[in-house]
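The residues making up each chain are set out below.
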Amino acid sequence: MTTSVQPSPASVEVEQGTSLWRDAWLRLRKNKLAVFGMIAVTVIALACVFGPMISPYSYEEMNWEDISQGPSWRHWCGTDDAGRDMLVRLLVGGRISLAVGLCATFVALIIGVTYGAVAGYVGGKIDAFMMRVVDIMYALPFTIFVILLTVFTREIVTTYQLGPAFDIMLLFAAIGAVEWLTMARIVRGQVMSIKKMEYIEAARSLGYSPLRIIFRHILPNTLGPVIVYTTLTIPAVMLLEAFLSYLGLGVQAPMISWGSLIEDGQRKMEEYPWLLLFPAGIFSLTLFSLNFLGDGLRDALDVRSSKD
Amino acid sequence: MIRFFTSRLLQSLVAMLVVITVTFFLLRAVPGGPFTQERAVTAETERALNEHYKLNDPLWKQYVDYLKNLTPKKFQPSEFTNGFDLKKAFGVDFGPSFRYSSRTVNEIIADKFPVSIDLGLTSLAIALLLGLTLGVIAAAKRNTWADYTATTISMIGISTPTFVIGPLAVLVVAIYLGWVPASGWVRWEEVQAGTQSLGDLIRSRLLPCCVLGFAFAAPIARLARSGMLDVLNQDFIRTARAKGASEWRVIVRHTLRGGLLPVVAYLGPATAGILTGSFVIETIFQIPGLGREFVTSAFNRDYTLVLGTVILYAVLIMGFNLLADVVQAWMNPKIRLES
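Caption draft 1: Expanded view of the overall build of chain A. Per the secondary structure count, chain A includes 12 helices and 0 strands. Traced from its N-terminal end to its C-terminal end, chain A shows the element sequence α-α-α-α-α-α-α-α-α-α-α-α. By its C-alpha atoms, chain A is 75 × 50 × 30 Å across when sized along the principal axes. Taken across its 308 residues, chain A has 51% of its residues classed as buried. In chain A, once contacts between residues fewer than 6 apart in sequence are set aside, the share between residues at least 24 apart is 69%. Just so you have it, chain A exposes about 15,000 Å², and 65% of that area is on carbon and sulfur atoms. Of the side-chain charges in chain A, 24 are positive and 26 negative, and the distance between the mean point of each set is 11 Å.

Caption draft 2: Inspection of the overall build of chain B at higher detail. Helix and strand counts for chain B stand at 16 helices and 0 strands. Overall size of chain B, expressed as C-alpha extent along the three principal axes, is 85 × 55 × 40 Å. A buried classification covers 47% of the 339 residues belonging to chain B. The long-range fraction of contacts in chain B, counting pairs at least 24 apart against all pairs at least 6 apart in sequence, stands at 66%. For chain B, the exposed surface amounts to about 16,700 Å²; the carbon and sulfur share of it is 64%. Seen as two clouds, the 32 positive and the 24 negative side-chain charges of chain B have centres 9 Å apart.

Caption draft 3: Representation of helix α14 (residues 290–300) of chain B in the model. Here α14 of chain B has its buried residues at L290, G291, E293, F294, V295, S297 and A298 of chain B. Tucked into the core, α14 of chain B has its buried residues touching α5 (142–159) of chain A together with α6 (105–140), α13 (261–284) and α15 (303–331) of chain B. Looking one or two residues past α14 of chain B, R301 of chain B carries a phi angle of roughly 55°, positive in sign.

Caption draft 4: Fine view of the interface of chain B and chain A. Taken together, the 43 residues of chain B in the interface contact 41 residues of chain A. With both sides pooled, the region where chain B packs onto chain A buries about 3,600 Å², and carbon together with sulfur makes up 81% of that total. The interface formed by chain B and chain A holds 0 salt bridges in total. Viewed at the interface, chain A and chain B are joined by 0 residue pairs in polar contact (both at pLDDT 80 or more). For the side of chain B that touches chain A, the secondary structure elements donating two or more residues are α1 (2–29), α7 (145–159), α8 (162–176), α13, α14 and α15 of chain B. No other element matches α1 of chain B, which puts 10 residues into the side of chain B that touches chain A. Grouping the amino acids of the side of chain B that touches chain A by side-chain chemistry returns 34 nonpolar, 7 polar and 2 charged.

Caption draft 5: Quick look at the packing of aromatic side chains. For the coordinates displayed, the defined rule picks out 14 aromatic pairs over all chains. In textbook terms, an aromatic cluster arises when at least three aromatic residues are bridged by ring pairs, as seen for F243 of chain A together with F279, F294 and Y313 of chain B. Stacked on the ring of Y208 of chain A, the Lys or Arg R212 of chain A has its end atom at 4.1 Å from the ring centre.

Caption draft 6: Representation of the packing of α5 of chain A against helix α10 (residues 223–246) of chain A in the model. All names here are of chain A. With their axes 11 Å apart at the nearest point, α5 and α10 run at an angle of 60° to one another. Judged by the inter-axis angle, α5 sits oblique to α10. For the element pair α5 and α10, the recorded crossing hand is right-handed. Residues T143, V146, I147 and T150 of α5 lie in contact with α10, whose contacting residues are L240, F243 and L244.

About the thresholds
- Residues numbered from 1 in each chain as written.
- Chains lettered and ligands numbered in written order.
- Predicted model: local features only at pLDDT ≥ 70, side-chain atom pairs only at ≥ 80, totals over all residues.
- Heavy atoms only, no water.
- Helix = DSSP H or I, 4+ residues; strand = E, 2+ residues; numbered from the N terminus.
- Buried < 20%, exposed > 50% of the residue type's maximum accessible area, 1.4 Å probe, protein only.
- Contact = heavy atoms within 4.5 Å.
- Areas by Shrake-Rupley, 256 points an atom, 1.4 Å probe, with all protein chains shown as cover.
- Lys, Arg positive; Asp, Glu negative; His and termini not counted.
- Charge placed at Lys NZ, Arg CZ, Asp CG, Glu CD.
- Buried area = accessible area lost by both parts, 1.4 Å probe.
- Salt bridge = Lys/Arg side-chain N within 4 Å of Asp/Glu carboxyl O.
- Polar contact = N/O pair within 3.5 Å; in protein donor to acceptor, adjacent residues only side chain to side chain.
- Nonpolar A, V, L, I, M, F, W, Y, C, P; charged D, E, K, R; others polar.
- Phe/Tyr/Trp six-rings, centres within 6.5 Å; stacked < 30°, edge-to-face > 60°.
- Lys NZ or Arg CZ within 6 Å of the ring centre and 35° of its normal.
- Axes fitted to C-alpha atoms, helices over the stretch in contact; angles between N-to-C directions.
- Parallel < 35°, antiparallel > 145°, perpendicular 65-115°, else oblique.
- Left-handed = near helix turned anticlockwise from the far one by under 90°.

Structure follows, in structure tokens:
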């Protein structure tokens, strides 16, 4: 941890590039599965963001002439029973799935890092109490709570007539609010070991405020595990979102996500199997890729396995 | 050991109270009552309904009353296994259902829960059998094709959710091949009564239990493999080999106990996973279990049914977590001493 964390622009030259991050990048590049995961995620994400813009079809426009067609040159992934182009629907659904994954992970990241850093830095009784709270929350039935939270937020959205976008935002918050526990534990452990180092003592003797020490001097050095765990949280959150949408508790029509597309495809799979196969395939591929990338990052950044 | 157990038990009790309190107030904080959605209900009827279900009482009184009804008053497990009546067995009363006006939550649980237990236990058995076999073989034959096959299978199982594998399995095995029915559930009682054959029972269970079991066989296999490998690298295993123990004896006699510890620790999370997995499996295969009922009741804002199910699930999950901790402490003196 003595290497510089953010290389200055001047240190880009090869002979100076021995930072933690450069080493990690070199190791990551050797891991074929992780590289594959990175490329696949990038391609899927770019396609989801830009694909619907260049496609001649829209995700909700029905076309009664092209009902329930198999994959063809006109519709690469076929059409559903309202004649809507599946490829565009997949990409738009992917936008929502990815957005939920990113935003909820961001919420979890902020809560978890702050909570863990404070507990680890303050220590003593406050730390013991804060971690006991985390222990108790660990024991709660997670998914069940998320289901309750989504029902709760749904009611609020319908009662106060907020838009569907708000529904999704509350979903992010609900998922993020329960996914931060492991992050808090990891950051706390890191902070506890870092705060004993000499340079922190030096910072303290210079009279810096605890907040400055935590955010400026300690947290940057916990980045490795935080990045790894963040990468692994994204697929976990996407899985949870798809699970909720599959059960009909997640995003609501006309909005779509991969989970709701899978649910829809399952009901029609007997006659039109492609309606199930495409969303199931792209969703699994994304999860696979993100997990490979996360595992690769863990090896590359040499983070000890701290799952579960 | 006893101190360890009591501290974990206390922690679980606090967590339980948190679950009940949060769920209770979360549901009450939802704008609108359970009857406001219904079209045909007049203001008068609603008032009467609120009166009947005591929704007009102050909130704290409803809460205290609810807690009172929840507190176990007796302990007769035989009544529980014999019809799943929580009231007769423990004196626990979850109150009337808000949606099914003529039924109590206890009755609904007694009706649906056995199906979910059946599904869950069968799946857990399949998961353990498949997962342990794969994991132990992978560890014993490390870096051979057997290891790679087992590892790949478990990677697929970990990365692919049940709601993807489930419909695909139905499509291929039930619809294209036609080997088993695509949905439905045959109860044991129906076989005993002679209305359904044993073959039908097995066929109706094959897909749902295998899909749910496979989802948990995968992490079990991975944990078993890494746990076994950790132990196999230790000195006492070399000693065992040096004194001429056969490979079989090394695995079974010396490695299994320590190597399977991570799997035991996974028992708690696995129970939670199988319960939530049952929401999906029961929806895919249209199985009349409690998981589907929970999702529907969450939709319908059936306060008491949601609360009852959540509490039941929480008790189960925490119970299994506690059990896993105790078994772990019993199997591994290190954990016992650290606490």
